Amino acid sequence: MRLGSFFLMVALLGFAQSAPGTEEGFTEACVASSNLEPLICACCARKARARLSPLAFQFLIATLQDNQAAVDELRPKLSVPESMQAGMFMVKTPGECAKELQGP
């Protein structure tokens, strides 16, 4: 493998790990916008991906990133239930994750 190809591959892997619409992107936005531990944010990211629609997941990430343009673009596309799920997600889920991470 040529050196240039290697650096390109490393750069692409780094982008893929922190792309905004991914669990990793969610985790980064969660850590940056709250006082939550990275493990709790990662747990929330997994649960958000599993519990929310793709659109609500994107909306929640935009909210965590304080990306008003994306929030304004996504909000009218959400159904009322999707909007409510996204709005309440970070109220309940971090506590749920903290309990799970503490163990029995």
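What you see is a predicted model; the values in this text were computed from it and never measured.

Chemist: Explanation requested: unusual backbone geometry in the structure shown.
Modeler: Glycine aside, residues mostly have negative phi angles, and peptide bonds mostly take the trans form. Positive phi values are uncommon outside glycine, yet D66 reaches one of about 55°. If you trace the backbone, D66 turns up in the loop between α4 (54-64) and α5 (68-74). In this structure D66 comes out as exposed when scored by relative accessible area, which is 64%.

Chemist: What am I meant to see in the confidence of the model for the protein chain here?
Modeler: In low-pLDDT regions, the fine details of the predicted coordinates are not to be read closely. For the protein chain, per-residue confidence averages 85 on the pLDDT scale, and residues scoring 70 or more make up 81% of the total. At the level of individual helices and strands, the protein chain shows its lowest average pLDDT in helix α1 (residues 3-17), which scores 39, and its highest in helix α3 (residues 38-51), which scores 97. The low-confidence segment residues 1-18, where pLDDT is below 50, has ten contacts with residues more than four positions distant or belonging to other chains.

Chemist: Please explain the nonpolar core as it appears in this structure.
Modeler: Nonpolar side chains in soluble globular proteins tend to be buried together. With 24 residues, the main nonpolar core has F26 and F89 as its most contacted residues. At the level of secondary structure, the elements contributing two or more residues to this core comprise α2 (23-33), α3, α4, α5 and α6 (80-102). Looking at which element gives the most residues to this core, the answer is α4, with seven residues. With near-sequence residues (within four places) excluded, F89 lies in contact with F26, C44, K47, A48, R51, L52, L60 and P94.

Chemist: I keep staring at the side chain of K47 and nothing clicks. Help me out?
Modeler: Mapped onto the secondary structure, K47 falls in helix α3. Not counting residues up to four positions away in its chain, the partners in contact with K47 are L52, F89, T93, E96, C97 and E100.

Chemist: Would you mind showing me how to read α6 here?
Modeler: At 3.6 residues per turn, the α-helix brings residues three or four places apart onto the same side. For α6, with 23 residues, the first-to-last C-alpha span of 34 Å sits near the 33 Å given by 1.5 Å per residue. By the largest-angle criterion, F89 marks the main kink of α6, which is about 50°. Those residues of α6 hidden inside the fold are in contact with α2, α3 and α4. Positioned one or two residues after α6, G103 has a phi angle of 80°, which is positive.

Chemist: Is there a simple way to think about the state of the cysteines in this case?
Modeler: Among covalent bonds in proteins, the disulfide is the one between the sulfur atoms of two cysteines. For the coordinates displayed, the defined rule picks out two disulfides. There is a disulfide in this structure between C43 and C97, and the S-S distance comes to 2.1 Å. Where C43 bonds to C97 through sulfur, the torsion about that S-S bond is close to -80°, and the disulfide is left-handed. Of the two residues, C43 sits in helix α3 while C97 sits in helix α6, which places them 54 residues apart along the sequence. Here the disulfide map of the protein chain reads 1-2, 3-4, the bonded cysteines being numbered as they appear in the sequence. C44 carries a free sulfur, and the closest cysteine sulfur to it, the one in C97, is 4.0 Å from it. With a relative accessible area of 0%, C44 lands in the buried category.

Rules used in this analysis
- Residues numbered from 1 in each chain as written.
- Predicted model: local features only at pLDDT ≥ 70, side-chain atom pairs only at ≥ 80, totals over all residues.
- Heavy atoms only, no water.
- Helix = DSSP H or I, 4+ residues; strand = E, 2+ residues; numbered from the N terminus.
- Buried < 20%, exposed > 50% of the residue type's maximum accessible area, 1.4 Å probe, protein only.
- pLDDT = per-residue confidence, 0-100.
- Contact = heavy atoms within 4.5 Å.
- Core = buried A, V, L, I, M, F, W, Y, C linked by side-chain atoms within 4.5 Å.
- Expected span 1.5 Å × (residues − 1).
- Bend = angle between axes of the 7 residues up to and from the residue.
- Disulfide = S-S within 2.5 Å.

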